[in-house]
Structure formats: structure tokens, C-alpha cells
Amino acid sequence: MLKLTIRSFDLPLRHTFTISYDSRDVQPTMIVELQHGEHKGYGEATSNPYYGFTIKSMTKALENIREQIESTELTSPEEFWAQMQPHLADNPFALCALDLAANDLFGKMKGQPLYKLWGLEAKNMPLTNYTIGIDTVENMVKKLQEMPWPLYKIKLGTKEDVAIIKELRKHTDAIFRVDANCAWGVEETIENSKQLKELGVQFIEQPMKADDLEGMKKVYEGSELPLIADESCITEADVAKCHGLFHGINIKLVKCGGLTPARRMIAEAKSLGMKVMVGCMTESSVGISAIAQLLPMLDYVDMDGALLLSKDIATGVTIEQGKVSYSENVNGTGATLIA
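Residues numbered from 1 in each chain as written. Predicted model: local features only at pLDDT ≥ 70, side-chain atom pairs only at ≥ 80, totals over all residues. Heavy atoms only, no water.

Its identity is not glycine, yet Gln206 carries a phi of approximately 35°, on the positive side. By the secondary structure assignment, Gln206 is in the loop between strand 7 (201–205) and helix 9 (213–222). Classification of Gln206 as buried rests on a relative accessible area of 0%. The backbone of Gln321 sits at a positive phi, close to 50°, despite the residue not being glycine. Take Gln321: it is sitting in the loop between strand 13 (318–320) and strand 14 (323–325). (Helix = DSSP H or I, 4+ residues; strand = E, 2+ residues; numbered from the N terminus. Buried < 20%, exposed > 50% of the residue type's maximum accessible area, 1.4 Å probe, protein only.)

With antiparallel pairing, the three strands of this open sheet are ordered in space as 1-2-3. Each edge of the open sheet is held by one strand with a lone partner, namely strand 1 (3–19) and strand 3 (39–46). Each adjacent strand pair in this sheet contributes to an overall mean axis angle of 25°, direction not counted. Inspection of the sheet shows strand 2 (residues 22–36) paired to strand 3 by eight bridges, in the antiparallel sense. Following the sheet pairing, Thr29 is matched in strand 3 by Thr46. (Pairing = 2+ DSSP bridges. Axes fitted to C-alpha atoms, helices over the stretch in contact; angles between N-to-C directions.)

As C-alpha cells, this is what we get:
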């Protein structure tokens, strides 16, 4: 028998975090705990106004199926996900938190980190970027200097995007990635790609609106930088749709419904010759430690969520200068709730 516990927290951010369509100082999050005997597994999903999922709606979705959750035997996380998905098809964020908790619990019950259970080795793992949100150029420079890092993701979507990168480039030799969060048009993207390439930018993430597939065809043909889908790639069904429009995909666990579908998305993208990235949604170390289990399978990763917090609610994987180290004493995802 499983025991389900649901908690919610407000995660305080180091700085106001702004992207092209949102700004916040606090990130609400839901933590799911699944217990079996002495073992506890933890999962997480943050709320998100863009996708319309709140702590209240996620909690309600799980409470509605508490009986099914607690009466299900955890024979494998994949089987558990398949049993829960029909009940949570309309709430992938809640499904994600539950799936992460099930995976973490399963790893702890088996006495192994998840990545080892999956037959992976902790080698050839990509560095994580550190994200600089939209702000005044002066403040963006300050944030850059406050956190010296080998790799930055710069949030764009202003009238001065190229000028921002030019200014930031004066202060660091680090690799830049840029994320426009759907804010650009076709010609703007193509023109920006030429200038950004010269400024040491590695790729452009989601330049256009998620549903502008015709525009993306033109951008794909004309861009001088690789293009990574984010808002255009939410679920498993979206991977094939992005082929020929983007060079790679950015998978978010909360959007696709957890580690279980994310692993299938990774396999499909690789079979199509696409690059694979996993991103975060400003989670605590619970969600970040789950992402870390996928690292040996990834080309790129954006898992700086816990680094953006002024106070974490959990321990788990650690990150230093972009390099991720797994928890040595805790199995599963390596996460432990401390709040």
C-alpha cells in the first residue's frame, strides 16, 4: 500500500524573474510524497499561469484519485504511470509530480539511483546553464557578475535584444544560449541569428509563437543558428511535429507528465536525429534532482531552478560551475525534503 501526502510551498527567488510573457518574485510549488514502508519518494510540479495550472487545481486532481493512488502496487514506475495517466490526462503537471515521486520511491526501494536502474553511467554529462531573466541591461550585467558561470541562458523578447547580448558579451567569454519565449517574428529571427552567431550564441530557443509552424519553416531554412523547440514541444505527440522545423527539443517534465514520458520523448527525438535538451520550471532540488537522472542521455540541460532560489526546501544533486554531482547517500533521484 502507498501513502500519499501533498504539500505546497512558496519558493522565494533571488531576483524578480522576468521572461517575455511573465514576471514573478515567488514560485509556488506542489510537493508529492509517496511512502511505502520506510521509504519515501518525492515529486514536484510548480504552478504556471501560461499553461493554466495552479497549486489548487493540481492538488484537487490528485485528491480526486487518492484511493486509486494508494491502492496501486508499485511494480514499476512505467506501469504506475500508465495506470494514473487516464485519470490525470487533463493535468500533466499533477501527473508529473506523481510520476517523479513514484520513480524516486522505486529507486529507493531498489537501493539504487534512477540513472543506474536505467542502465546509464555518470559520464559525458552536459553542463547546465544559469539563466539571466529580462531586466535592465545594467541589472542583467550585475546578475552575470554575481554568478560567474561557463554557460548562460539569456531570456530575450525586448526591442533591444541584440544590443543586450552585445553588452553582456563585453563582460564574459561564457557560452550564451538565448530564449525568446515566442516573442520574435520570421525576419527578426533570421536577422538576429546572423548577429547572435557572431556574438558566441550556441542556439536560439523558441523564437516564434508555438503554433506558427509556417513561420518556423522559413526560420528553419534561414537561421544561421540551431533552433530548439520549447513551447512548441509539450507532449510526446509534439516530437514528430517539430522534426524539420527545429534542430532539437527542450522537454519539460511538468509539461509532458514526468520522467516516464520524457524518456520516450528523448528516444524518439534521437531516432529522428534531433538534439535533446531538458529544461526546468524553477523547481526546488526535488524536481531538479529528477531531471539530473536523465543527464547521460542529453545534449543540453537547463536545470538551474534551485540555483535561482534564495531558499531551497530540499537537498539532492549539487551543481558547481554548471557541473552536476549526484547524491552519494540517497538513492532514487537523490532528493530529500528538508522544509
